[in-house]
Amino acid sequence: MIDVVLPCLDEAAALPGVLSGLPSGYRAIVADNGSTDGSADVARAFGAHVVPVPQRGFGAAAHAGLLAATSDVVCFADADGSFDLRQLPLVAGPVADGVADLVLGRRRPDRAGAWPAHARLANALLAWRLRTRLGLPIHDLGPMRAARRQALLALDLRDRRFGYPLEMIVAASRAGWTVAETDVRYAPRAEGTRSKVTGTVLGTARAVRDMSKVLAR
């Protein structure tokens, strides 16, 4: 069984589709970051393990999910319906097989509008900085990802906001991990949900600010 951490804030409309696509052998851990739309109840109805996370912040939710996980290999993915969880083996497989220590899903939009231009540009800039500064062969910060649980905990990640995903990559690189990426499909988020990051220029700017602080350390 492989645990899948799904940070969640008001994703009730997306969760049925997300959780129904969970492959056999994978367990969903929904880290609920203070949802007011019944997301936690929906998650439980679909068999997910729900972890309440009162501290606001993407990193707080993601890390609480990691702490709740028990499997050797742990995956992460957004809970907004933009990822097809049936593709989780693409990121988990190389880690389980010992080919890579951290695998990122490189997003490949499957239709127009799946990835707003301002968000894609910000992501490309950050990935370029990782390639040039750390020599990592990546082109996307990849919200769908996998690594070994104990190794992740040993990285002692501290960011509890939007910088958490980038801090994971930077810390992994500095620890000498083999970091790889693989293509995964990327779709528009589910109808009835609202993006906290990429949906607006302001949200993207806040994420870039948090991530830039990580790179400056």
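Preceding this paragraph is the structure being described.
As the structure is a prediction and not an experimental result, all values here were calculated from the model.

Rules and cut-offs
- Residues numbered from 1 in each chain as written.
- Predicted model: local features only at pLDDT ≥ 70, side-chain atom pairs only at ≥ 80, totals over all residues.
- Heavy atoms only, no water.
- Pairing = 2+ DSSP bridges.
- Helix = DSSP H or I, 4+ residues; strand = E, 2+ residues; numbered from the N terminus.
- Buried < 20%, exposed > 50% of the residue type's maximum accessible area, 1.4 Å probe, protein only.
- Contact = heavy atoms within 4.5 Å.
- Expected span 1.5 Å × (residues − 1).
- Arc of directions from axis to C-beta.

Caption draft 1: Expanded view of the pairing of strand β6 (residues 145–148). Pairing between strand β4 (residues 73–76) and β6: 4 bridges, direction antiparallel. Each bridged residue has a counterpart across the sheet, and for Val74 the counterpart in β6 is Ala147. Here 3 bridges tie strand β5 (residues 102–109) to β6, and the two strands are oriented antiparallel to one another. Bridge pairing in β6 links Val103 to Ala146.

Caption draft 2: Spatial organisation of helix α3 (residues 58–68). For α3, a buried count of 8 out of 11 residues is recorded, marking the element as mostly surrounded by other parts of the structure. Taken together, the buried positions of α3 are occupied by Gly59, Ala60, Ala61, Ala62, His63, Ala64, Gly65 and Leu66. On its buried face, α3 is in contact with β1 (2–8), β2 (26–32), β3 (49–52), β4, α6 (149–154) and α7 (164–174).

Caption draft 3: Region of interest: helix α5 (residues 117–134). Between its terminal C-alpha atoms α5 stretches 25 Å, which fits the 26 Å expected from 18 residues at 1.5 Å a residue. For α5, every residue scored as buried is listed here: Ala119, Ala122, Asn123, Leu126, Ala127 and Leu130. Down the axis of α5, the buried side of the element spans an arc of 130 degrees, and every buried residue falls inside it. Within α5, the exposed residues directed more than 90 degrees away from the buried face are Ala117, Leu121 and Thr132. Looking one or two residues past α5, Gly135 carries a phi angle of roughly 75 degrees, positive in sign.

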